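The lines below spell out each chain.
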Amino acid sequence: MIKIAFKTYKEHKAFIKKWRNGLLLLSLVAFLIWYVNCLPEKLFNNSTSTVLLDKDGNLLGAKIATDGQWRFSPGKIIPAKFETCLLEFEDRDFYDHYGISARGIGRAISQNVKHKRVVSGGSTLTMQLARIMKKNPARTIGEKILEMILATRMEIRFDKTEILSFYAANAPFGNNVVGLEAASWRYFGRDPSSLSWAENATLAVLPNAPGLIYPGKNHKRLLDKRNRLLKRLYDIKKIDETTFQLALSEPLPEKPLPLPQLAPHLLAKLIKEGDEGKTIQSTLDNNLQQKALQLLQAHSERMQENKIYNGAVMIASVKTGKILAYVGNTHSDNKEYSSDVDCIAAPRSTGSILKPFLYAKCLEDGLITPTMLVPDIPTQFGSFSPKNFTKQYDGAVAANKALSRSLNIPMVRMLNEYGLEKFHRDLKNYGLTTLHKPAKHYGLSLILGGAEARLDELCKAYTQMAQELMNGKSKDLLFMNEKNKKQNKRSKQQNNKGSKNDKASIYCTFQAMVDVNRPDEDGNWRAFSSSQKIAWKTGTSFGFRDAWAIGVTPDYVVAVWIGNADGEGRPGLTGIKAAAPLLFDLFAQLPKSPTWFTEPREAMSNITICSESGHRASELCEKTELAWMPKNCLNTTSCPYHQIVHLTKNNLARVDNDCEASYNMKHVSWFILPPLVERYYKFNHPNYKVLPDFKPECLAKISDKAIAILYPKANSKIYVPVEIDGKTGRTVFEAAHRNINTKVYWHMDDEFIGETKEIHQFALNPGVGKHKLLLIDENGISLSMKFEILGK
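None of the values given here were measured: they were computed from a predicted structure.

Novice: Hey, could you run me through helix α15 (residues 408–418) in this one?
Specialist: Counted residue by residue, α15 has 8 buried out of 11 residues, so it is predominantly covered. All buried positions along α15 are accounted for by N408, I409, P410, M411, V412, M414, L415 and Y418. On the buried face of α15, the contacting elements are α13 (355–364), β9 (373–376), β10 (395–398), α14 (399–404) and α16 (420–429). At the exit of α15 stands G419, carrying a positive phi of roughly 120 degrees.

Novice: Honestly, a nonpolar patch on the surface in this entry has me stumped. Any pointers?
Specialist: A surface patch of nonpolar side chains, about 290 Å² in accessible area, is lined by L25, L28 and L32. Assignment of secondary structure puts L25 in helix α1 (residues 9–36). Given the relative accessible area of 54%, L25 is considered exposed.

Novice: Which parts of the structure should I look at to understand a positive patch on the surface?
Specialist: A surface patch of like charges, here positive, comprises K717, K770, K772 and K786. With respect to the helices and strands, the residue K770 is situated in strand β25 (residues 769–777).

Novice: Please clarify how the pattern of salt bridges should be interpreted in this entry.
Specialist: Two side chains with opposite charge may pair up if their charged atoms get near one another. On inspection of all chains with the given rule, the structure shows 24 salt bridges. Here E457 and R454 are joined by a salt bridge, their closest N and O atoms 3.6 Å apart. One salt bridge in this structure joins R570 and E568, with 3.9 Å as the shortest N-O distance. Salt bridges linked by common partners bring K55, D56 and D285 together as one network.

Novice: Please clarify how the sheet that holds strand β22 (residues 743–748) should be interpreted in this entry.
Specialist: In sheet architecture, strand pairing relies on hydrogen bonds along the backbone and comes in two forms, parallel and antiparallel. One open sheet accounts for 5 strands, arranged β20-β26-β25-β22-β23; its pairing is mixed. Two strands in the sheet have a free side with no partner beyond their single neighbour: β20 (716–719) and β23 (751–757). In this sheet, neighbouring strand axes are inclined to one another by 30 degrees on average, regardless of whether the strands run parallel or antiparallel. Taken together, the 8 bridges between β25 and strand β26 (residues 782–790) define a ladder with antiparallel strand orientation.

Novice: Would you take a moment to explain the pairing of strand β12 (residues 535–540) for this structure?
Specialist: Regular strands have side chains that alternate between both faces of the sheet. The element β12 is extensively covered by neighbouring structure, given that 5 of its 6 residues are classed as buried. Pairing of β12 with strand β13 (residues 546–552) involves 6 bridges; the strand directions are antiparallel. Paired with A535 across the bridge in β13 is V552. Here β12 folds back onto β13, and the loop between the two strands holds 5 residues, one of which, G543, carries a positive phi near 80 degrees.

What counts and what doesn't
- Chains are numbered independently. Their residues run from 1 in the order of the written sequence.
- Per-residue local features of the predicted model are confined to residues with pLDDT of at least 70, and side-chain atom pairs are confined, for both listing and counting, to 80 or more; whole-chain, interface and lining totals are unaffected and use all residues.
- Values shown for side chains rest on all heavy atoms present in the structure; no hydrogens or waters enter the calculation.
- Whether a residue is buried, partly exposed or exposed follows from its accessible area with a 1.4 Å probe, protein chains only, as a fraction of its type maximum: under 20%, in between, or over 50%, in that order.
- Secondary structure elements are taken from DSSP: a helix is a run of H or I of four residues or more, a strand is a run of E of two residues or more, and numbering for both begins at the N terminus.
- Whether two residues touch is decided by their heavy atoms; if any such pair falls within 4.5 Å, the residues are in contact.
- Residues enter patches when their relative accessible area tops 30% and they take part in no salt bridge; the joining distance is 9 Å for like charges and 5 Å for the nonpolar side chains Val, Leu, Ile, Met, Phe, Trp and Tyr.
- Per-residue and other accessible areas were derived by the Shrake-Rupley procedure at a 1.4 Å probe size, with only the shown protein chains allowed to occlude residues.
- Whenever a carboxyl oxygen of Asp or Glu lies within 4 Å of a side-chain nitrogen of Lys or Arg, that contact is scored as a salt bridge.
- None of His or the chain ends enter the tally, which takes Lys and Arg as positive and Asp and Glu as negative.
- To locate a charge, take NZ of a lysine, CZ of an arginine, CG of an aspartate or CD of a glutamate.
- By the convention used here, strands pair only if DSSP detects at least 2 bridges between them.
- Note on geometry: axes are C-alpha line fits, over the in-contact stretch for helices, and angles between N-to-C directions span 0 to 180 degrees.

Structure below.
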C-alpha cells in the first residue's frame, strides 16, 4: 500500500483538489465521447411494409411488415397541413429550441400542479422521437433526462426537416399502424398529401396516446381532441371560418380501412425478387389496372358457368416498354380455384400463339411471299399427322391467310421448310425461357402448342416486334421506374442476340394478323373491328386447356390468358371464344391509336406477283400485279404452277406429239395444281379451271405402265396373321412408277393416307372386309384396285 506524506495540510488540500479536477475532467471527456456516439448510426432498424405504388404514386397494394406492423417507408416530404397540425398540438416551439424547451417544461409543470396529477410531460417533438427510438421504455426521471440528452444530440446531427421526417415515419398512430404514410392509407384510403385539414388534425393527435385513442376506439375523446386542435388552428388564423366549420362537420373514420390489393401477384413477384420491405413505384397505371381487374373478374364469372376459373391480363406500352396493367389471376375466396397462382408467370401450352413469329421468319428468310400458296392437304411427317382445327382442307391457301385463319397444316409445312432447330433457337432469342428441351423433343408440333410459354414473355416478344417496326430497336419490359436504367441495360444486351425480324417482315406479319377472322355471329365484333385497327392472334392448346389472345397496335400490346390453373381442360375453352372477347373489351378501355404502323418501304421491293399463285410471277403467268413486299421475297421461287399444256384446237382435250400432229395443237399457259391439292382447292374456288382430260388415245399411251400396283393384285383376298405379341400384323402394299422422282399419293377407301417418292411402299393394317386402294401421281394419273382382308 502506497502512502503519501504531506508536510502541511495545505499541500494535502491542494493534492485532493488536483485529483478531483482530474476526475471531473476525465468524466467530462468520457461523457463527451459517449455524447458524440450516443445515437446509433441508423436511428431505426424496424422492418417496413412492402408497398406497391402506380406510376403516379397511388397505392396498388401492400404487405404488412415482418413484425406485424403497418409501417411504410418514409414519404419524400411532410405535407404542410400535417406539419402545422402536429406542431400546434405537440411542439409549438419546435423551430426555436435545440431539443429541450424550457417554456414547454414550465407549461407542463404548471398544468401538472393545476390538475394535481401528471397531465403533460413537457417533451418536445425531438424528445418524443428519442423515446420512440428507445421503444417507449417506462416513464422515469432518469429516462426523461436521457431523452433530453438524446434530443440535443439529434438536434446537432439532424436538421429540423429530417427530425420531422423521422417522427412522421415512426410515430405510432394506434392499433398496429405506424407512420404517417400507413396511417393516411389505413384510416382515410388516400395519400397524405391529399388529406383535408380535419383528416390531418385527426392524425396529428393520434401519437399522443395511440394505445387509448384511434379510429374505432374512444370515438368521442378522439373527436374532442381533433376539434380542439381545429379550434386552435382557427384561433391563430391558420384556417378561415369556412374551412373551420367544414372541418368540424367531417366525420371520423369508424375503423381502419382495408388497403387496396389491385396487383397482389406483381407485389408477390417483386418480394420474391428481393424488394421486400421497400416502397416500389411501378409503371402500372392505377385506373387501367382497376379496369383490367374488373373486366377480367366479370369475364371470369361468365366463364365459371363452364367451370373455367382462372385468367390473366398484361398490358404494355409499345413506345415506352412499360407495363401498364398486370393482373396475375382472378379473385376467389375458394382456395380450390388457385387464385394465388400468378398465371402471368406460369408456363402454359402455347397453342397457335407462336405462328406469327414463324411467319415473320419465313418472310425474312425469303421462303415465302405473303400471298404465296402453301399446301393445305392431308399431311404426314413420320408418325406426326397435323390436322386443322376444323378438320377440313383448303388444298392450298395464301401464306397470309394461313396465318390469319390459323391453319395448322400450312404452318407445320412452313416450319418443316424453315427448319425446326432454327425456329427453336429463334424462340429462345425472343426471350422464351420455357424451352428447356432440345428442338427434336418438341418436333414439328412446336408450332401447334407442343411447347410452353409464359404470358409475360409472349407480351414482351410481341411488344418488341412492334418496337422494332417503329424504331428499329426494342426495349425490355419495365415494371419499376427506379430500375429502368438497369433493366434497359440488360435489355440491350439481350437484344444484341440478333433474334428479331426486319421491319418489312414484321409489317407484313401485322398486316396478316389484322385480318384474323372474328365470330360472324357476333355483330358487335364487326363494329369494333371497324372502329380500331388491331393486329391480333389467338391460341388454343391441345385438350382445350389454354386460351390465348394477344393484340398489337402502335401504342399498346394487350395479352390475355384464360384457363384453369390446375390444367383442367374444358369444352369451348378456345382462344377465339374464351380469350378474344376480353381482349377487345380491354382495347375498348385504351385510347385509340390515331395512326397505323408506317409501311417500311426502305426495306421492301415492289415485286411482280402471279395473281393466282401468289409466287413471284414467271413468264407464263397471265395475270400479275405489283405488290410491296420484304426485299427477301425476291429470293422466293417463281410460280411453279403455270405450265404450257397442249390442247386440241377446240380446247376440249389434252394431247401430245405421240397422239396428235403439232399443227392441230394449241399451246396454252394453264394454272395447274398437284392432284391432291387440286382435289380440295377446287371445292373452295369455283373459278378454278381443271385441266381437260387427255384424248382417249393419248391417255392410253401416257398412262401405259406409268404406274402399277405390285402388291396386292386386283381382287386379292389377304389373310393377315397374328403376331407373337397378339396384335394383328401389317401388310406391306407396294407400287411402282415409271418416273422415279414422281410423287404418288395413296388413298384407302377414299381417305388420304400419305405420299411416297422413289420407293413406293406402305405398311398398312386395314380392317376385315373389302377395301379400295387408289393411287394418284402428281400428273393426275390414277390407278385403283379392290381387295379383301380376311378374318381369322
